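The primary structure of each chain is shown beneath.
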Amino acid sequence: MANRKSTARDLAQIAIFAALIAALGLPPAITVGGIGVPITLQTLGVMLAGGILGARKGFLSVLVFLVLVSAGLPLLSGGRGGLGVWAGQSAGYLVGWLVGVVVIGALTAKILPRYPLWQGIVVNIVGGVVVIGAIGMLWWGIRFGWPAATGGFIFLPGDVLKAVVAAVVVKQVHRAYPGLIPGVATNSPQPPTQKVAP
């Protein structure tokens, strides 16, 4: 019974964060210059999924979202969806989301239960900016030429800001709801041990 409850809770969390990533695509995207990749808030959702749910559940939430997009639902910013997104300029970033969320989740587990804010920001920058950006720009370079790949640097200021916002939110969530990431110690006090008389 406990396993069933745990599985149901995990599935609910995965679905909620997949929906959150979709919801963060609703605000209008900003396209700068000639780059075909819009600036959106959905990377923030990926950072939150990894930081709050951990590597496994965070990965599954992003995977569910991308499966829905591939099935044709217009969940990407600008109402994009369908298999065609995997041939476009954003494809590398979508793959990067899957890798980045795992990196963020794994590194977040290492700094819990304390979660120093500066370390949380660094974790989000490593997984959510460096990893996702590198994979996205690599795809750009292979598919559209290396000069085009340098356009990815335009995302850096906004992505760093998202990393800070995500760290603040993740810290508060883990403080209020410890134990969201399985296998991570919490700050909850240990029950006193009873001494047995000889």
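Residues numbered from 1 in each chain as written. Predicted model: local features only at pLDDT ≥ 70, side-chain atom pairs only at ≥ 80, totals over all residues. Heavy atoms only, no water.

Worth spelling out the cut-off: UniProt positions are given in the numbering used here, feature names are shortened, and annotations may be inferred rather than shown by experiment.
If you check an unreviewed UniProt entry, the protein chain appears there as Biotin transporter from Nakamurella multipartita. Regarding the protein chain, the relevant UniProt record gives this comment under Subcellular location (unreviewed entry): "Cell membrane". For the record of the protein chain, the UniProt heading Sequence similarities (unreviewed entry) holds the text "Belongs to the BioY family."

**As for the UniProt feature "transmembrane region" (unreviewed entry) in the protein chain**
Put simply, the test is: For the purposes of this entry, the term helix denotes a DSSP run of H or I that reaches at least four residues, the term strand denotes a run of E that reaches at least two, and both are numbered from the N terminus.
Those residues carrying the UniProt feature "transmembrane region" (unreviewed entry) are residues 60–79, 91–109, 121–142 and 148–170 in this numbering. Taken end to end, residues 60–79 comprises 55% helix and 0% strand; its first and last C-alpha atoms sit 22 Å apart. With 100% helix and 0% strand, the stretch residues 91–109 has end C-alpha atoms that lie 28 Å from each other.

**Notes on the pattern of salt bridges**
Selection rule: By definition here, a salt bridge exists when the distance from a side-chain nitrogen of Lys or Arg to a carboxyl oxygen of Asp or Glu is within 4 Å. Buried residues are those whose accessible area, probed at 1.4 Å on protein chains only, stays under 20% of the maximum for their type, while exposed residues exceed 50% and partly exposed ones sit between those limits.
Scanning the entire structure with this criterion turns up three salt bridges. Residue Arg 56 is joined to Asp 10 by a salt bridge in which the shortest nitrogen-to-oxygen separation is 3.3 Å. Taken together, the residues span a long stretch of sequence, with Arg 56 in helix H2 (residues 42–70) and Asp 10 in helix H1 (residues 2–23) at a distance of 46 residues. Between Lys 57 and Asp 10 there is a salt bridge whose closest N-O contact spans 3.6 Å. Here Asp 10 lies in helix H1 and Lys 57 lies in helix H2, a separation of 47 residues in the sequence. Like Asp 10, Lys 57 is buried. Residues joined by salt bridges that share partners form a network here, namely Asp 10, Arg 56 and Lys 57.

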